[in-house]
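Structural description and commentary
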Amino acid sequence: YTLEIPWGQSAEKGESMAVKIIGTGSALPKKVVSNEEMAGLVETSDQWIRERTGIGSRHISTGETVVSLAVEACEKALAHGDRKASEVQLILVATCTPEKGIPCAACQVQSLLGAAEAVAFDLNAACAGFLFALHTAHAYIEAGIYDNALVVGSEVLSKVVDWTDRGTCVLFGDGAGAVLLERSGQPGILGFVQHSDGTKGGVLQCDGRKLENPFVSLPVGNPFLSMDGREVFAFALRQVPACIWEALSQAKLSPEDVDLYVLHQANRRIIEGIAGRMNLEAARFPMNLERTGNMSSASIPVLLDELVREGRLQEGMTLVLSGFGAGLTYGACVLKWQRSLDFSGEIGIVKESVRGDRGAGKKVQAAGWGGTGIILSMRCW
Ligand code: UT7
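Residues numbered from 1 in each chain as written. Predicted model: local features only at pLDDT ≥ 70, side-chain atom pairs only at ≥ 80, totals over all residues. Heavy atoms only, no water.

**A closer look at the confidence of the model for the protein**
Note the cut-off: Within a predicted model, pLDDT stands for the predictor's per-residue confidence, ranging from 0 to 100. We call two residues in contact when some of their heavy atoms are within 4.5 Å.
When pLDDT is averaged along the protein, the result is 87, and 85% of the positions lie at 70 or above. Below pLDDT 50 for its whole length, residues 1-16 participates in 51 contacts with residues either more than four positions away or in separate chains. In this model, residues 341-381 is a region of pLDDT below 50 whose contacts with residues beyond four sequence positions or in other chains number 79 contacts.

Structure (structure tokens):
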């Protein structure tokens, strides 16, 4: 367990402005829809869906919204990080399925959380959205503008899916994941790349509102998601390994140095194909798509939160996160996991202060307790 700089204190000139994740949370709608149920809606089968995608079921909203799921995920991330909503300085919600055009989902989340001091805005980069938002928050914190941020991926894709199109409706699910970031004295994010290719935007799209005013009325587009699945599949296999290599070379690491690859959960065959192209065993690529389907921007943070709560992330592990999807957008991030313990069931032991002798002699107190008496976090002042 490592003591960190006190919450809210800005780094001084010349000090490291690195950023780390101190809390994670996720939320899924209550209703689970199995492949067998999907076969009652369109001409498909459990066998086809499992063999071609790896998906067995997905959570579908029966009232949960992008905002309500995001709020639940944020509350869990704040509890995990032992921070209050009133302390949050930035909220970024990555979503391509907001309920409202105006105001943005992030402002609604801010209001419901009671994060009165936070600046809040949305970001849409589809399935790479969470990664792009993470990079944006990282840049703000690194630049010294904010000390912390809630970064959220939240989607209710079931409202834009064409439930008569078997080629797409079996793939997607609803959910939200959030991480709480704050400035750290140790390097957390080691490499980060992101790319966009708008020339290929037509392979995965969904039209918005039509233009209708007193001067013009244009035809309505397709308000449902349409996709050239084979093109997206080929793009992912081509570009994702390349951008992971790029992020790894920034971090001066090789693929073997990475403990876990937390990839966007689009299709098991895509993830295994990427592992194969990188000459890595598939075991390094955890997956939850069997239970969740593709949740676009929510896939990576939900999987990350599940790994944390299963105790699979240990302090010092190297992770790669990579997202890819509509836009086309894609990116990768290499990070050192600095947060351990909280759900693993051990008592934390203070090893050192990242601020050197400035931490020495400070009082230490357990500030949060788990249901079984486990220390969840410690404070130093
Ligand atoms: O989040 C990022 C965005 N999305 C993705 O990453 C998705 C990327 N693409 C994929 O995952 C795959 O391309 C799909 C899962 C969408 C499709 O798998 P595929 O192996 O590329 O299938 P296909 O589109 O080539 O279709 C093969 C056959 C077709 O029948 P015919 O023409 O060979 O007779 C389809 O009509 O499978 C048929 N098919 C289905 N059959 C049963 C397509 N969807 C279904 C279905 N059930 N749900």
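Following the structure, the description resumes.
**What to know about the sheet that holds strand β6 (residues 119-123)**
To keep it simple, the criterion reads: Pairing between strands is defined by DSSP: at least two bridges between them are needed. Elements are defined by DSSP. Helices are runs of H or I of four residues or more, strands are runs of E of two residues or more, and each kind is numbered from the N terminus. Convention adopted: a line fitted to C-alpha atoms gives each axis, helices being fitted over their contacting stretch, and angles between N-to-C directions are expressed from 0 to 180 degrees.
Spatially, five strands are ordered β2-β8-β7-β5-β6 in an open sheet, and the strand pairing comes out mixed. Each edge of the open sheet carries a strand with a single partner, namely β2 (19-27) and β6. On average, each strand axis in the sheet is tilted by 15° relative to the strand beside it, whichever way the strands run. Judged from the eight bridges that link them, β2 and strand β8 (residues 175-183) form a sheet pairing that is antiparallel. Bridge pairing in β8 links Thr24 to Val179. Where helix α3 (residues 66-81) meets the sheet, it contacts β2, β7 (148-155) and β8, and its direction lies at approximately 130° from that of β2. Sitting on the sheet, helix α4 (residues 105-113) touches β5 (90-94), β6 and β7, and the angle it makes with β5 is about 130°.

**Description of the site of the ligand**
This is how it is decided: Throughout this document, a residue counts as near a molecule or strand when at least one of its heavy atoms sits within 4 Å of that molecule or strand. For this analysis, a polar contact is any N or O atom pair within 3.5 Å, provided that within protein one partner can donate a hydrogen and the other can accept it, and provided that sequence-adjacent residues contribute only side-chain to side-chain pairs. Here the open area of atoms and residues is found with the Shrake-Rupley method and a 1.4 Å probe, where only the protein chains shown may cover a residue. In the scheme used here, Gly and all other residues not listed as nonpolar or charged are polar, with Ala, Val, Leu, Ile, Met, Phe, Trp, Tyr, Cys and Pro taken as nonpolar and Asp, Glu, Lys and Arg as charged.
Close contacts around the ligand come from 23 residues, with Thr44, Arg52, Arg230, Asn267 and Asn294 the closest. Arg52 is positioned such that a nitrogen or oxygen atom in its side chain is 2.6 Å from an oxygen atom of the ligand. Contacts to the ligand include His264, whose side-chain N or O atom sits 2.8 Å from an oxygen atom. Considering the ligand on its own, with 940 Å² of exposed area, one finds that the protein chains cover 74% of that surface. For the shell around the ligand, the secondary-structure elements that each account for two or more residues are α2 (46-53), α6 (166-169), α7 (229-250) and α8 (268-277). Counting residues per element, the shell around the ligand draws most heavily on α7, which supplies four residues. When the residues that make up the shell around the ligand are grouped by side-chain class, the tally is eleven nonpolar, seven polar and five charged.

**Structural notes on the packing of aromatic side chains**
Each pair of aromatic rings is reported with the distance of its centres and the angle of its planes. Applied cut-off: Think of it this way: a Phe, Tyr or Trp ring, Trp meaning its six-membered ring, pairs with another when their centres are within 6.5 Å, and the plane angle makes it stacked under 30 degrees, edge-to-face over 60, tilted otherwise.
Summed over all chains, the structure comprises four aromatic pairs. Considering the side-chain rings of Tyr140 and Tyr146, the 5.2 Å spacing of their centres and the 50° angle between planes classify their relative orientation as tilted. Pairwise contacts between aromatic rings join Phe121, Tyr140 and Tyr146 into one cluster.

**Examining α4**
As a reminder of what qualifies: Relative accessibility decides the category of a residue: with a 1.4 Å probe and only protein chains considered, values under 20% of the type maximum give buried, values over 50% give exposed, and everything between is partly exposed.
Of the positions making up α4, those classed as buried are Ala105, Ala106, Gln108, Val109, Gln110 and Leu113. Against the buried residues of α4 lie α3, β5, β6 and β7. Downstream of α4 by a residue or two, Gly114 has a phi angle that is positive, lying close to 80°.

**Some thoughts on the pairing of strand β14 (residues 260-263)**
Taking every second residue as pointing to the same face, both faces of β14 are buried, with Leu260 and Val262 on one and Tyr261 and Leu263 on the other. Pairing between β14 and strand β15 (residues 318-325): four bridges, direction parallel. When the bridges of β15 are listed, Val262 appears paired with Leu321.

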